[in-house]
Structures are given as structure tokens and as C-alpha cells.
Amino acid sequence: MWNVEINGIQQSDKAISAAAVNQLDRQNNTFKVSCKGINETYHFLECNISIDGKDVASGIVIDYKVKERGIKRTVVSCTDHYYIFQHRIVIERYENMKASDILIHLITKYAPEFTTTCVGETASIIELFECDYMLLSEAVTKLMAYLPDHHYYIDAN
């Protein structure tokens, strides 16, 4: 059974359909939920979709559109939590550290609402890595340039 929550409130009885688009690297995963009987605005609130208790999409409400054709339908548009990476400023300097350790530190300090338990360890040591007033998303992209065989994504967990 699938479940939809917006701002921690179950909306499954109102949800008609859902669709998601997943991306790698510097792209945002997006998803939409079509609902009936929604009258509230949910901008920038948390939205989660799960199937049989397993999260499949999670993010922030960025838009909603109301259509009335016999029945009032609201399409809630969401973007994943990578949105947060695109709005946090990083000021750091790292010397002689593994890329994975740099990534873990960046996320822990600048996006503490994220977990780093799935960050794989890398062997390569980076002599100097500087982030001078750049977005966290740009810092991660710059760091990933040192790891051409690796990719990253932010999942629902």
C-alpha cells in the first residue's frame, strides 16, 4: 500500500496519483502528487511518498496548482532535498584528506539534516580542496571531479 504525507500529515485518502523522476549527480529528483480535497498551501513543507513502509520519494513542496473540472484537484509539485544543497554556502579549506572524508564533513556541517551512512570510502587523497563562498551543491560537484568513476544521489532516506 502506498502512503503520502505532507508536513507529517497523512494524505493517502486524498491522493489520486503520483509520479517521480530520478536523476544522478547535479540534478534534482522531482515528483508530483495529484490530490483531491486539498485546500491548504504547503510551500516549502516536507512531502514523503512510501510504498509498504519503504520511502520512495521525499522532498520539499515547491509549487501546487488547483484545477476544477467537476472535482477540485490539486497537483503538488516537489523537489528532493538536493534543493537544500543548492542554497547553503560553504567556506572551507581541506588539506591531505580523502575525498569521502571531505564529503562527510561538508554534509555534516552544512546540511546536518542529511545522513552520511551511505557515503562510500574513497582511497584518493586530495592535497588541497578549497571552497570559498560557494554553494554546497557546487562544492560537491567540484569534489566529484576528483572521482570520475563515482556518482552521487540523494534518496528518500
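Cut-off values and rules
- Residues numbered from 1 in each chain as written.
- Predicted model: local features only at pLDDT ≥ 70, side-chain atom pairs only at ≥ 80, totals over all residues.
- Heavy atoms only, no water.
- Pairing = 2+ DSSP bridges.
- Helix = DSSP H or I, 4+ residues; strand = E, 2+ residues; numbered from the N terminus.
- Phe/Tyr/Trp six-rings, centres within 6.5 Å; stacked < 30°, edge-to-face > 60°.
- Lys NZ or Arg CZ within 6 Å of the ring centre and 35° of its normal.

Q: Describe the sheet that holds strand S2 (residues 9–10), naming the residues involved and giving the relevant values.
A: With respect to topology, 7 strands assemble into an open sheet ordered S2-S1-S5-S6-S7-S4-S3, the strand pairing being antiparallel. Looking at strand neighbours, the two that pair on one side only are S2 and strand S3 (15–21), the edges of this open sheet. Pairing analysis gives 2 bridges linking strand S1 (residues 2–6) to S2, with the strands arranged antiparallel. What sits directly across from isoleucine 6, in S2, is isoleucine 9.

Q: Summarise the packing of aromatic side chains; cite the residues concerned and give the values.
A: In the structure shown here, the tally under the stated rule is 5 aromatic pairs. Ring centres of tyrosine 94 and phenylalanine 129 lie 6.4 Å apart, and the angle between their planes is 35 degrees; this geometry places the pair in the tilted category. Placement of the pair is tyrosine 94 in strand S8 (residues 89–98) and phenylalanine 129 in strand S9 (residues 125–135), with a sequence separation of 35 residues. By the ring-pair criterion, three or more aromatic residues cluster together here, those being Tyr82, Phe85 and Phe114. Taking NZ or CZ as reference, lysine 142 lies 5.2 Å from the ring centre of phenylalanine 129, over its face.

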